[in-house]
Each structure stands twice: as structure tokens, then as C-alpha cells.
Amino acid sequence: MKQQLMQGAPPGPEGQVTLANWRQSPFSKWGFRNLRSLVPTAAVAGASGSEVTTLREAWRDLGELELVDAAGQRMPGQRYLRAINIDGLVVLRRGELAYEFYDNGLETGQQHILFSVSKSVTGALAGVLADRGLLDPDRPAADYAPELKNSVYASATVRHLLDMTVSIGFSEDYADPNGDMPAYRRAVGWDPGGAVGGADLRGFLARLKTPGDGAHGAAFHYVSVDTDTLGWVLERAGGAPFAQMLSEWIWRPMGAEREAWVTLDSFGAPRAAGGICMTTRDLARFGEMMRRGGVANGRQIIPAWWVDDIRANGDRDAWRRGNFAAMDFPASRYRSKWYVFDEETGAFGGAGIHGQWLYVCPTSEVVIAAFSSQPDAADIPYSVAWIANCKRIARELGRS
């Protein structure tokens, strides 16, 4: 596996970012924006020339807007962004560029890993396949990938995968060195050493057999393996590689300025759950398309009925019975890989570990895209504060 030296001042005594440390601070500041140097990827081609969606500027100085951190400390916005290790931020109002911020070496046209905001992109692609009649959310996932018939997914539907209501005995504990995550990371090629038994991602998924406590559909259970299984189903349903479908059906027609990437395992399977990388502006373009009901560049890219379903549906009871309810994570529903953050404003979006966010507020006509190299993978107080601050920003812009 190719390794590459840090650019600029080295953050540690050796200064080298490798497959073993790229998710650890301070190496992550380089690793998150240079993952292609460490992990195999497939390119997701963007638009070109006049097809690129232009972001006209309507600048607002949000750098001085008072925001509040997880400890309740009030501070100017730009100071807050630096304090929480934001690498890139783009704020749009009615599709116009209202504010932009970069730090930690990230530049305007540089790709950064989305982590689990990738799930929301994958969920949008699923809507395109469903609209084309290639995917039936009510069918068993194993109808598309028969290799799943001896796994915990044997009786799960595509809808269970989309809404993460699969009953599965898998723990997504990022800090447990003896839990389920280390073998999973090796299977996707994100850690050195290879998976136990030499398994690739899909071999790993097909061998997941431990059921959860209840039936499929009963409770929201956040596990990334569901979305990687969905990525497998999408490739089988669409009859094409994930990156190709994402480019042809979303990225290029949406008017993305730069290509995106998706990481691959040793056999070329995409990390649909967390391996997509893109620029901050293109993430904002994607969010703006969702805000406008799936429309971009004057075209219906994501079916309007799919976006409406995301915004209106999702099982509140399944959320309350789920594994995020006790953590005060500020969402009330989950549908097709999208959180509904706020019933009052209708804000919805995606969230990823280490501080990756897409926040879409229809009532204020605001989209906020953010990349971060936050040291902790999961920090619920930080997440609660972030979503509250996004609501403050949207409210402020909504006044104009």
C-alpha cells in the first residue's frame, strides 16, 4: 500500500501518515484530505465546462456571528470553527455562496472524506434506482445479492437497509479494540493486516450471522454494515459499478465541479457507508439539490417523491427504540440514510464521524456543508451543539 509523507510541518516525531494512523489526530488533518494516497479509490466523474453549477456569491460575514460550544461557551463563529477543528465549511442561502471557511490545509477544490455522510449520498442513489424501476425497497436484499441468504440479512428487506432497522448483533463501537469494528475496518482496507481469514468486504458481510434482540423493522440500530450491504445491492440492481452510477445519474447532471472518489476494498467493492470523498463546495451543491426537491441544473436528478418521502416519513417509534435515542442525538426520524434533525424547521441531513456534516434547512433555504478533523470519532455533546449552531446560522440568514 502506498504511503506518503506529510506536507508542511510534521505533526509528530516521525511525521508520516500511514494506513495505521490516518484516522488519528494530528495525522488525520492530512489523512482526511489525502486518503487516495493510502487506500484504493474509484473516481466519480463530475461535470465539465458550462455544465458545472455556478455558485454566485451573496456574502455574509458569519465569522462574527456568536455561536455556542458544547460547554456552553459563547464565541465568534470563526473562533468556534477553529476550536472544533473545522477543515472546510460552505454555507449557501438560496443556492448562493453566503460564507466559506478553510483551515488545517484543506483548500477550496480539494476532496475530503465524508465518512457517514456517504450514507446520505448512497441513499439518494437508491432513490434514482427505485425511480428507474431497478430497485424495489420492499423486496428482500438477498433477492439482489443471493450471497446474503445465509447471513443475518437473509430476511431483511432493502427498506430495512435504507432505514437501518435491521436486527443485527453488531456493535459500532469505534473505541473498542476487541469489538466488531477492527475486523470490519480491515475488510474494507482501512487498516493494515487484512481481514481475518483474508475476507474482503462482501465476504465479511455475508458471514454476519448474529441477530439482534427483536425483529427487523422494530428499532433503529445504527450500524455501517447495513449501508455497505446496500451498496452491494445497488450494484447488483443497477448492473454497474457504484462509482459509475453515482457519476452518471447524480454527480455529472448535478453539476459537480470536481470528481469525487469512493474507497474500494481489495476486490473493488465500494465503501458506500463511509468512503466517499468530495470537495466542500460539491457537498453543498448536493445539499442544495436535496433542498430543491432533487432538482439541479434545471433537471430533476433525485426523484421528487423520494426526497418528499425522506422529509415526511421515517418511523418515530423505531427511532425512540433505537440505539441513538438515549444519547440525545438531535434527530427525531431516520429515512433512507437521512436524519430529520428538527421537526419545527424541517431540517434534515447527514452526519459522519470526526465531525462531517450536511445540514439542509428548507424553511430558511439554507444549506451548510462541513468537513472536520475532530480528534474524537463520536462526540455527542459536540454534535448537539453543532446542530444547534446550524439552526442559529440558518435563522440568521433566513432573516435576510
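Residues numbered from 1 in each chain as written. Predicted model: local features only at pLDDT ≥ 70, side-chain atom pairs only at ≥ 80, totals over all residues. Heavy atoms only, no water.

The name recorded for the protein chain in an unreviewed UniProt entry is Serine hydrolase domain-containing protein, from Camelimonas fluminis.

Chemist: What exactly am I supposed to notice about helix α6 (residues 181–188) here?
Modeler: Since the α-helix turns once every 3.6 residues, residues separated by three or four places project in the same direction. With 7 of its 8 residues buried, α6 lies for the most part within the structure. When α6 is considered as a whole, its buried residues turn out to be Met181, Pro182, Ala183, Tyr184, Arg185, Ala187 and Val188. Tucked into the core, α6 has its buried residues touching α7 (201–206) and α8 (225–238). Gly189 sits one or two positions beyond α6 and adopts a positive phi of about 85°. (Buried < 20%, exposed > 50% of the residue type's maximum accessible area, 1.4 Å probe, protein only. Helix = DSSP H or I, 4+ residues; strand = E, 2+ residues; numbered from the N terminus. Contact = heavy atoms within 4.5 Å.)

Chemist: Quick question: what am I supposed to make of the layout of surface pockets here?
Modeler: Unoccupied space between atoms shows up once a probe the size of one water molecule is rolled over them. Of the pockets and cavities examined, the largest pocket occupies roughly 400 Å³. Along the wall of the largest pocket there are 26 residues; nearest its centre are Tyr174, Phe324, Ile353, Ala378 and Ile380. Put simply, the parts of the chain that give the lining of the largest pocket at least two residues each are β15 (347–352) and α13 (380–398). For the lining of the largest pocket, the element with the most residues is α13, which contributes 3 residues. Considered as a void within the structure, the second largest pocket measures approximately 220 Å³ in volume. (1 Å grid on protein atoms, 1.4 Å probe; cavity = no way out; pocket = protein on both sides within 12 Å on 5 of 7 lines; lining within 4 Å. Points joined across faces, edges and corners; volume = space filled by probe spheres on them.)

Chemist: Teacher, can you tell me more about the packing of aromatic side chains here?
Modeler: Aromatic ring pairs are reported here in terms of the distance separating the ring centres and the angle at which the planes meet. Taken as a whole and judged by the stated rule, the model has 29 aromatic pairs. A ring pair is formed by Trp319 and Phe324, whose centres lie 6.2 Å apart and whose planes are at 90°; its orientation type is edge-to-face. Per residue, the accessibility class of Trp319 equals that of Phe324, and both read buried. The positively charged end of Arg139 is found above the aromatic ring belonging to Tyr144, 4.6 Å away from the centroid. In this structure, Arg271 packs its charged tip against the face of Trp190, placed 4.6 Å from the ring centre. (Phe/Tyr/Trp six-rings, centres within 6.5 Å; stacked < 30°, edge-to-face > 60°. Lys NZ or Arg CZ within 6 Å of the ring centre and 35° of its normal.)

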